[in-house]
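# Secondary and tertiary structure notes
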Amino acid sequence: MIDVKVADWVGTVQVADFAGLSRYDAAFAWELRDTVVALADDSEVKVIVLRTDGGDFAPDVPGAPLPSDRSATWRRVFAGAKGLYQSLAFCKKVVVTEVTGACRGAGSALVLCSDLTVAAEESSFGSPFLAVPESNFVLAALTMRLNRAKAWAVTGDVLDAARAEEVGLVNQVVPGASLRAETDALAARVTAMPLDGVTMSKMLLQAVLDAHGVGRDFDLATHYAARRRHAENAGGGAL
Amino acid sequence: MKPKRWGTPESLAAADQQVLYDVDRAGVAYITLNRPEKHNALSVPMRERVAELVAAADADDDVRVLVFRGNGRSFCSGNEINEEWGQRRPHERRRTLDVGYRYGADMAWGRLGFSQAISRSDKVTIAQVHGYCAAAAYFMIACKCDLVVAAADARIGALEARFLGPAGAVASVHINRILGMKAARRTGFTAKPMSGTEAYDLGLVYRCAPVEELPSVTGEIARDIAARPAGALDFLVARLRAAEGLMDTSVPAITGLLVSHFLQAAPDEMDFWRTARRVGVGGALDADKARKGAADPRADRNPAS
């Protein structure tokens, strides 16, 4: 269930957790995507906050089904230009992720697609690139720098909140008890910007991201999924 | 008909012993530079051999991770200065167009070259860096590897910028993506090396260790990665290589190389070359400290960081 609130220029999207995206729950993902697009189109919204009820942001989902590059639903909902991740990465409003607990798989893909991230001290971040072929490595390289993003992918390291802040994946780490208040304060600061200024900045940012290869990496998601399926078939089981 | 092998009879004959190769039972292959008397400076045949060994590792399904390391006091000081390519007409300048093209291909745009053999490897690549990691070793090996494990007191950077110009270090896409633009410019425009610790802070280095622990720390990291499911590594490496291609980070900028060939030294700068001819480049760098306003790449040997 997705709970949506709009107040004081902030659209808040609250769910139990985002693990449904790692399970490739298409209905959940499409509803989330529609919610983001609707909030972005709302002239009373400058900031979109993605938060959970307070548990893990996106716990690990062992044995999650593979996305198939042949699946029209996966391409439309998850990997496509109008799908969830690109709707977030190229959103015309500022997107803030509020992370508590475990952030794995699709959760980290969401963090990479968002503009700002506030994390609780006990939160931790796993690389999305093995489990989520539609996640965007170029965004990771731009966010954390190239070698850190590569190491995150190939070592399987889970970054604690402090390290995530050091490498630039997270803007701010705060005690869990004050997470919500800190996120709201950050969102409130962004709402002090003029609406057209926010929208214009995001429009310009889209061109910058595309110049760096973000859009092209999204466009290759189908190939990445096919390559992943090939690796899994060759290895005789789940990766 | 076989491709020409550049180099002198001596350098060609020595290359097999100057670049060693072995694979352990964990699936980790080691390419070891073994020319310690020259800080593992790379001759033309050594670079050729590196490219051939990367191809051998790529073709070996038992190899999961490829580690580059050096014997002796340094990882590698870069390409040999004034290297002899063995061109047939001795009256010609050191670099004929034939040689220049091949050198450029090695260093920059060429898909036959050793740096792109590393950046396009099918395996996870790790540079184990100690002592000096300078010039081509910095931007064509360390910066091309997926992970760098460095001794805390390693000296890493574009030390060649003092005499070949800073363009390669400043303008290369991959270095800017790894270090950030300000740090990339600082390493190029000052030729001041980074310590392993500083390179960790800037994002080049994955893990720092005291030099005496470096082999064991690197080995542990390599074995941990090699123990991941083969299919997962296979997919992740393919995934990263594709994205690096999109970002143009697999192909270093050619600018630096070209610019270095058009450098014309001013009279006082020629002192550097005269000194270098007499006492070698290291001695010239030392003597250069006395020159007013000159950057000193060897200063600050033990920064607090």
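Each remark here, short or long, concerns the structure printed above.
Residues numbered from 1 in each chain as written. Chains lettered and ligands numbered in written order. Predicted model: local features only at pLDDT ≥ 70, side-chain atom pairs only at ≥ 80, totals over all residues. Heavy atoms only, no water.

### Here we look at the side chain of A:S124
The cut-off we apply is this: Runs of H or I in DSSP of at least four residues are treated as helices and runs of E of at least two as strands, each being numbered from the N terminus. For the exposure calls, accessible area comes from a 1.4 Å probe over protein chains only, and a residue counts as buried if that area is under 20% of its type's maximum, exposed if over 50%, partly exposed in between.
Relative to the assigned elements, A:S124 resides in strand 7 (residues 124-126). Here A:S124 falls in the buried class, since its relative accessible area comes to 15%.

### What about empty space enclosed by the protein?
Note the cut-off: Residues are called lining when one of their atoms sits within 4 Å of a cavity or pocket point, these points coming from a 1 Å grid over the protein atoms alone, where a cavity is a set in which a 1.4 Å probe fits but cannot get out and a pocket is an open set with protein on both sides within 12 Å along at least five of seven lines. Grid points are joined across faces, edges and corners, and a volume is the space filled by probe spheres set on the points. Residues are sorted three ways: Asp, Glu, Lys and Arg are charged, Ala, Val, Leu, Ile, Met, Phe, Trp, Tyr, Cys and Pro are nonpolar, and all the rest, Gly among them, are polar.
The final tally for this structure, using the stated rule, is 1 cavity of 30 Å³ or more. Taken as a whole, the largest cavity encloses approximately 40 Å³ of empty space. Along its surface, the largest cavity is lined by 10 residues, and A:K150, B:C143, B:K144, B:E244 and B:T249 are the ones closest to its centre. Going through the elements one at a time, helix 7 (146-155) of chain A together with helix 8 (173-179) of chain B are the ones with two or more residues in the lining of the largest cavity. When grouped by side-chain class, the residues that make up the lining of the largest cavity number 3 nonpolar, 4 polar and 3 charged.

### A closer look at the sheet that holds strand 8 (residues 158-160) of chain A
What counts here: By the convention used here, strands pair only if DSSP detects at least 2 bridges between them.
With mixed pairing, the 3 strands of this open sheet are ordered in space as 5-7-8 (chain A). Two strands bound the open sheet, and with one partner strand each, they are strand 5 (102-103) and strand 8 of chain A.

### Concerning the packing of aromatic side chains
All names here are of chain A. Where we set the bar: Side-chain rings of Phe, Tyr and Trp (the six-membered ring for Trp) are treated as a pair once their centres are within 6.5 Å; stacked means planes under 30 degrees apart, edge-to-face means over 60, and tilted covers the remaining angles.
Summed over all chains, the structure comprises 6 aromatic pairs over all chains. Here F90 and F218 contribute two aromatic rings whose centre-to-centre distance is 6.0 Å and whose plane-to-plane angle is 70 degrees, an arrangement assigned as edge-to-face. Taken as a pair, F90 in the loop between helix 4 (84-89) and strand 4 (94-99) and F218 in helix 11 (residues 214-219) lie far apart in primary sequence, 128 residues in all. Take F90 and F218: they sit in the same class, and that class is buried. For the ring pair F129 and F137, a centre distance of 5.3 Å and an interplane angle of 65 degrees mean the geometry is edge-to-face.

### Observations concerning the layout of surface pockets
By volume, the second largest pocket is sized at about 610 Å³. Lining the second largest pocket are 29 residues, and of these A:D60, A:V61, A:L130, A:A131 and A:R228 lie nearest its centre.

### Some points on the environment of B:V65
For the record, the criterion: Contacts were defined at the residue level, with two residues in contact if any of their heavy atoms lie within 4.5 Å.
Take B:V65: it is sitting in strand 3 (residues 65-70). Excluding residues that lie within four positions of it along the chain, B:V65 makes contacts with B:G27, B:V28, B:A29, B:V124, B:I126, B:A222, B:I225 and B:A226.

### Let's talk about the interface of chain B and chain A
Stated formally: In short, buried area is how much 1.4 Å probe accessible area vanishes from two parts on joining, totalled over both. By definition here, a salt bridge exists when the distance from a side-chain nitrogen of Lys or Arg to a carboxyl oxygen of Asp or Glu is within 4 Å. Distance and chemistry together define a polar contact, namely a pair of N or O atoms within 3.5 Å, with one atom able to donate a hydrogen and the other to accept it when in protein, and with adjacent residues in sequence counting only for side-chain atoms on both sides.
Contacts between chain B and chain A engage 34 residues on the former and 31 residues on the latter. Summed over both partners, the interface of chain B with chain A buries about 2900 Å², with 62% contributed by carbon and sulfur atoms. By the criterion of area lost to chain A, the three top residues of chain B are B:F235, B:R239 and B:L246, representing 25% of everything that side buries. Summed over the shared surface of chain B and chain A, the result is 4 salt bridges. Linking chain B with chain A are 16 residue pairs in polar contact (both at pLDDT 80 or more), by the criterion used here. Here the element with the most residues in the side of chain B that touches chain A is helix 12 (residues 230-246) of chain B; it accounts for 13 residues. Counted by class, the side of chain B that touches chain A contains 22 nonpolar, 4 polar and 8 charged residues.

### What to know about the sheet that holds strand 3 (residues 47-52) of chain A
Residue and element names in this part refer to chain A. We apply this condition: Axes here refer to lines fitted to C-alpha atoms; in helices the fit is confined to the stretch in contact. Angles between the N-to-C directions go from 0 to 180 degrees.
One open sheet holds the 6 strands; their spatial order is 1-2-3-4-6-9, and the pairing between them is mixed. The sheet terminates laterally at strand 1 (3-7) and strand 9 (172-174), the two strands that pair on one side only. On average, each strand axis in the sheet is tilted by 20 degrees relative to the strand beside it, whichever way the strands run. In terms of strand pairing, strand 1 meets strand 2 (residues 10-15) through 5 bridges, oriented antiparallel. Residue pairing in the sheet places V6 in a bridge with G11 of strand 2. Each of strand 1, strand 2 and strand 3 touches helix 2 (residues 26-41); the most contacted strand, strand 2, lies at about 170 degrees to it. The strands touched by helix 9 (residues 179-191) are strand 2, strand 3, strand 4, strand 6 (116-120) and strand 9; relative to strand 3, the strand with the most contacts, the crossing angle is about 170 degrees.

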